[in-house]
Amino acid sequence: MTLDSLYMLAMHAAHLSDPGEFFRVARPVLIEETGADAMLVFFHDRGRECLVAPFLYNLMPHASLEEVVLSYEEPLIKDLLIGRKVYSRPEGEKRLLAGMLSELFLPVITPDQVLGCLYLGHHEPQAWQAPLVQKAELLCHFLVTPMQRIHWEEHSRRTHDLLNAFREQYLYILDTIPLPALVADPGRDSIEEANLSLLQWLHYSRSSLFNRRLSQVFPDMPVLQQQANLWPPQPTTLQVRDGLGKLCEGRAFVSPTSESYKDRKILVFLPEEMDPGAAAGASESEGYLHALSHDLKTPIQSLKSYVTLLREEYEAQIPESAMAYVERMEVNLEQMEALITHLLDLSRVGKIETHMESVESAEILKNALDTLSGLLEHRSVNLIIDASLPTIYCDVDQMTRVFTNLITNALKSTAAVSMPSIEIGCNALQGEYEFYVQDNGVGVPASLQSQIFDLFFSHDGVARHKSTGIGLTIVKRIVERHHGRIWVESQEGKGAIFKFTLPMHSATEQIALD
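Residues numbered from 1 in each chain as written. Predicted model: local features only at pLDDT ≥ 70, side-chain atom pairs only at ≥ 80, totals over all residues. Heavy atoms only, no water.

### Some remarks on the overall build of the protein
Regarding its fold elements, the protein presents 19 helices and 18 strands. Per-residue burial for the protein yields a buried fraction of 49% across its 514 residues. Counting only contacts in the protein whose residues sit at least 6 apart along the sequence, the fraction spanning at least 24 positions is 61%. Per element, the accessible surface of the protein, about 25200 Å² overall, is 51% carbon and sulfur. (Helix = DSSP H or I, 4+ residues; strand = E, 2+ residues; numbered from the N terminus. Buried < 20%, exposed > 50% of the residue type's maximum accessible area, 1.4 Å probe, protein only. Contact = heavy atoms within 4.5 Å. Areas by Shrake-Rupley, 256 points an atom, 1.4 Å probe, with all protein chains shown as cover.)

### Observations regarding the pattern of salt bridges
This structure, assessed with the given rule, holds 13 salt bridges. Among the salt bridges present, the one from Asp79 reaches Lys85, with a minimum N-O distance of 3.9 Å. Under the relative-accessibility criterion, Asp79 is labelled partly exposed at 22%. When salt bridges with common partners are traced through the structure, they connect Glu74, Arg89, Glu93 and Glu103 into a single cluster. (Salt bridge = Lys/Arg side-chain N within 4 Å of Asp/Glu carboxyl O.)

### Looking at unusual backbone geometry
Most peptide bonds are trans, and most residues other than glycine sit at a negative phi. A positive phi angle, near 55°, is found at Glu49, a position not held by glycine. Along the polypeptide, Glu49 turns up in the loop between strand S1 (38–45) and strand S2 (50–54). Unlike most non-glycine residues, Asp189 shows phi in positive territory, near 55°. The residue Asp189 is located in the loop between strand S7 (181–185) and strand S8 (190–194) in this model. Judged by relative accessible area, Asp189 falls into the buried class, the value being 18%.

### Some details on the confidence of the model for the protein
Residues at a pLDDT of 70 or more form 73% of the protein, whose mean pLDDT is 78. Confidence drops under pLDDT 50 across residues 273–297; counting only partners more than four residues distant or on other chains, this segment forms 41 contacts. For residues 335–347, every residue scores under 50 in pLDDT, and the model assigns this stretch 31 contacts once sequence neighbours within four places are set aside. (pLDDT = per-residue confidence, 0-100.)

### Let's talk about the sheet that holds strand S9 (residues 236–241)
Strands sit in the order S8-S7-S11-S10-S9 across an open sheet of five strands; the sheet is antiparallel. The sheet is open, and its two borders are formed by S8 and S9, each paired with just one other strand. The mean angle between the axes of side-by-side strands here comes to 40°, regardless of whether they run parallel or antiparallel. Bridging between strand S10 (residues 247–256) and strand S11 (residues 265–270) involves six bridges; their strand directions are antiparallel. Looking at S11, one finds that Ser255 is bridged to Ile266. (Pairing = 2+ DSSP bridges. Axes fitted to C-alpha atoms, helices over the stretch in contact; angles between N-to-C directions.)

### Considering the nonpolar core
Residues Ile392, Met399, Phe403, Phe435 and Phe500 are the most contacted members of the largest nonpolar core, which totals 38 residues. Put simply, the parts of the chain that give this core at least two residues each are helix H15 (361–371), strand S14 (391–395), helix H17 (396–413), strand S15 (421–428), strand S16 (432–439), helix H18 (471–481), strand S17 (486–490) and strand S18 (496–503). The greatest single-element share of this core, amounting to eight residues, is contributed by H17. Here Ile392 is in contact with Glu357, Ser358, Val359, Ser361, Ile364, Met399, Tyr433, Phe435 and Leu502, once residues within four sequence places are set aside. The next biggest cluster of nonpolar side chains, apart from the first, holds 24 residues, and it includes Leu115, Val133, Ala136 and Cys140. (Core = buried A, V, L, I, M, F, W, Y, C linked by side-chain atoms within 4.5 Å.)

Structure representation (structure tokens):
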């Protein structure tokens, strides 16, 4: 083994930020130095309780394979994960790869954990003699940094999925309150979130409300702070300054959003101006607020505790290069309400004002693909896009969300497909455009197609991806907001085509709609 080989591996491990690129460069060096005929890099997947060699970082023995898996039931697991020892397959034991007469498994370890293992196969029997095994063990140390990077990328992805799921639940709870409601932090004099009913009641836009301090909207700050710590909450009259600069009064219940985060308060108002239907339920507001506060505990406490536990339990294992992920999660928690504003607006698709304009649908699709670039970079997807997408009249942000959610759904559906394909196009019909997003994934059974757009509905075929069941509901509401229709055509196991229509509008009609 030459110093040049060691130096090259060390440099690539330190400077290549893309683990896939590192393994592509390192593979020929490792094979040459060990004399192996086959090599696989396995990662320890604790969630699935197995060792996994994914195609993304390996040359698969067969092109149709997406991954090679070693379950915890394999005899070698005890030596690798518990004993942290090299394991050589004895004669008579079933081989991992056909044609390999000698197989060697070497753990890739840090002082605290087993990250995975390096598999080496040879066509000759008794190929792994002691000097060669020692050399292979040395080479395994160069795999630690890129494998740690992969583990932390996976941790980051799972954490962001969890954060997004909590955000969606939090937004849905807040926006379904039938009364004006606001989340604030009196100690910081800040407004954290507000639902549509409050914005309409006080004549604020979102931007104008969030540019104000809490004390600018509620001059009775001492009264607000006094009432905030009462439980059960008691109705109190507060002065409120509306978006027109006028002072009005409203009766409100004030309560902490959770036991462990008492600084953040939720205010639910019972203004005299509300319609009779809403006022009829005022007598139940106290009980409703109690239930609401309980429902808000889980997302807020979990969001705060997740990173705290991550630091406490894994701080010693977090390499310096991975601290950016932890810091990013902490920033997300600090700015949770700011980051969820866009999702909140989407949950109100049927209520909020739309900003209609003529725009190239190809540009909207480009925006959606840019949003999903992080997912697409890690997937080998055959993406087919119609070159003649039309100009449409729509709300750009909302229509971008339509394409983003439909493509995300297609990516989830094709996760288990060896050669995933997604096609996006449009057909011009009589008076309308028919857009479609087609995939070759798991498909949707006929019995479920009528429910696929229902709120919180999640198809078992993609349960592995922990769908919240909100994305397609948002898509349906946006399309209907644009006077269109949406449906799915599919056969289970043969992929799906999600189709939606948008009306064609002449210039005169567009002016009228504006």
